[in-house]
Amino acid sequence: MTMTAAAPIRTFKLRQGRLRPRHREALHRLWPAYGVAVDGRPIDPAELFGRPVPLVLEIGTGMGEGTAAQAAADPDRGYLAVEVHTPGVANLLVLAADQRLTNLRIAHGDALELIRNRIPPASLAAIHAFFPDPWPKTRHHKRRLFQPAHVALLRSRLVPGGTLHTATDWPGYATAIRDVLAADPELVNPHHGFAPAGTGRPQTRYERRARAAGRPVFELVCHRR
Ligand SMILES: C[S@@+](CC[C@H](N)C(=O)[O-])C[C@H]1O[C@@H](n2cnc3c(N)ncnc32)[C@H](O)[C@@H]1O
């Protein structure tokens, strides 16, 4: 009998669908300038951006409007965005090029693989994960980004004092994230719970829809000791 390794439990479900011609063209044209592979050598921000900048990792950018706005508003830091959904990657490439952003790079794939493969320990100024997929069914909780093992991995990549910042509109996930972060002895939460919603970041597309539907937003900001 041959033994095969179990497939990893992913935090996303890949959506099928045709890529718009505009997005296909953008991937082809802009990937060489902005694209970063999820596997390869450890990432050096000075090499990536041509200057030594504090590095911010943004996980799950969706269509990327919030990411582009944040990078534009914070030119002294380098932003590495990672998204698994191809149209989102393509859309963010277009936004980066249209806005001539020099402090943004984009990886296409699983953020957890990128982190394990290419992000050295204690190297990130911040990790942003805004409106991570909530996986509301109990049997799907194992797919959530914010669970103890993933949080330990994320935290290990932050520099001392580095920031882990997330937000969600799912009350059950919000309290679960709050509790997982509080249980990590290497993280401190200056707000001792939720931060004011929208703290220090532009609104995202997902958030706009949540607010329009009347759902509250729960914000969490922690720092590595
Ligand atoms: C609910 S959406 C939120 C998108 C965006 N942050 C916003 O607020 O509009 C979550 C996104 O995370 C992406 N995602 C989930 N797990 C991921 C992973 N492990 N690596 C990269 N992207 C991931 C999904 O493809 C999806 O686009």
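Above this note sits the structure.
For clarity, every value in this text was computed on a predicted model and none was experimentally measured.

## With respect to the site of the ligand
Surveying the vicinity of the ligand reveals 23 residues, the closest of which are Gly60, Gly62, Ala111, Thr204 and Tyr206. Of all elements in the fold, only β3 (78–83), α5 (111–118) and α8 (205–212) reach the threshold of two or more residues within the shell around the ligand. Ranked by residues supplied to the shell around the ligand, first place goes to α8 with 3 residues. Class assignment for the residues of the shell around the ligand results in 10 nonpolar, 8 polar and 5 charged.

## Thoughts on helix α3 (residues 65–73)
For α3, the set of buried residues is Gly66, Thr67, Ala68, Gln70 and Ala71. Taken together, the buried residues of α3 touch β2 (55–59), β3, α4 (86–98), β4 (104–108), β5 (124–130) and α8.

## Side note on the pairing of β5
Most of β5 sits out of view: 6 of its 7 residues are buried. As defined by bridge partners, β2 adjoins β5 across 3 bridges and the pair is classed as parallel. Paired with glutamate 58 across the strands is histidine 128, a residue of β5. Here β5 pairs with strand β6 (residues 158–168) via 6 bridges, running parallel. Directly across from isoleucine 127, in β6, lies its bridge partner leucine 164. Crossover connection from β5 via helix α6 (residues 148–157) to parallel β6: handedness right-handed.

## As for the sheet that holds strand β1 (residues 35–36)
One key point about sheets: their strands pair by backbone hydrogen bonds, in either a parallel or an antiparallel sense. Spatially, 8 strands are ordered β1-β4-β3-β2-β5-β6-β8-β7 in an open sheet, and the strand pairing comes out mixed. Of all strands in the sheet, those bounded by a partner on one side alone are β1 and β7 (187–188). In this sheet, strand β8 (residues 218–224) lies alongside β7 in antiparallel orientation, the contact comprising 2 bridges. Directly across from leucine 187, in β8, lies its bridge partner arginine 224. Relative to β3, α3 is tilted by about 170°, and along the sheet it contacts β2, β3, β4 and β5.

## A short note on the pairing of β4
Burial analysis of β4 places 5 of its 5 residues in the buried class, which makes it a mostly covered element. Where β1 meets β4, 2 bridges bridge the pair, whose relative direction is parallel. Among the inter-strand pairings, glycine 35 is bridged to a residue of β4, identified as isoleucine 106. Bridge analysis of β3 against β4 gives 5 bridges, and the strand direction is parallel. Along β4, the bridge assignment pairs leucine 80 with arginine 105. For the crossover that starts at β3, traverses α4 and ends in the parallel β4, the hand is right-handed.

Conventions adopted
- Residues numbered from 1 in each chain as written.
- Predicted model: local features only at pLDDT ≥ 70, side-chain atom pairs only at ≥ 80, totals over all residues.
- Near = placed C-beta within 6 Å.
- Helix = DSSP H or I, 4+ residues; strand = E, 2+ residues; numbered from the N terminus.
- Nonpolar A, V, L, I, M, F, W, Y, C, P; charged D, E, K, R; others polar.
- Buried ≥ 20, exposed ≤ 12 C-beta atoms within 10 Å, placed from the backbone.
- Contact = placed C-beta atoms within 7 Å.
- Pairing = 2+ DSSP bridges.
- Right-handed = clockwise from strand over helix to strand, strands pointing away.
- Axes fitted to C-alpha atoms, helices over the stretch in contact; angles between N-to-C directions.

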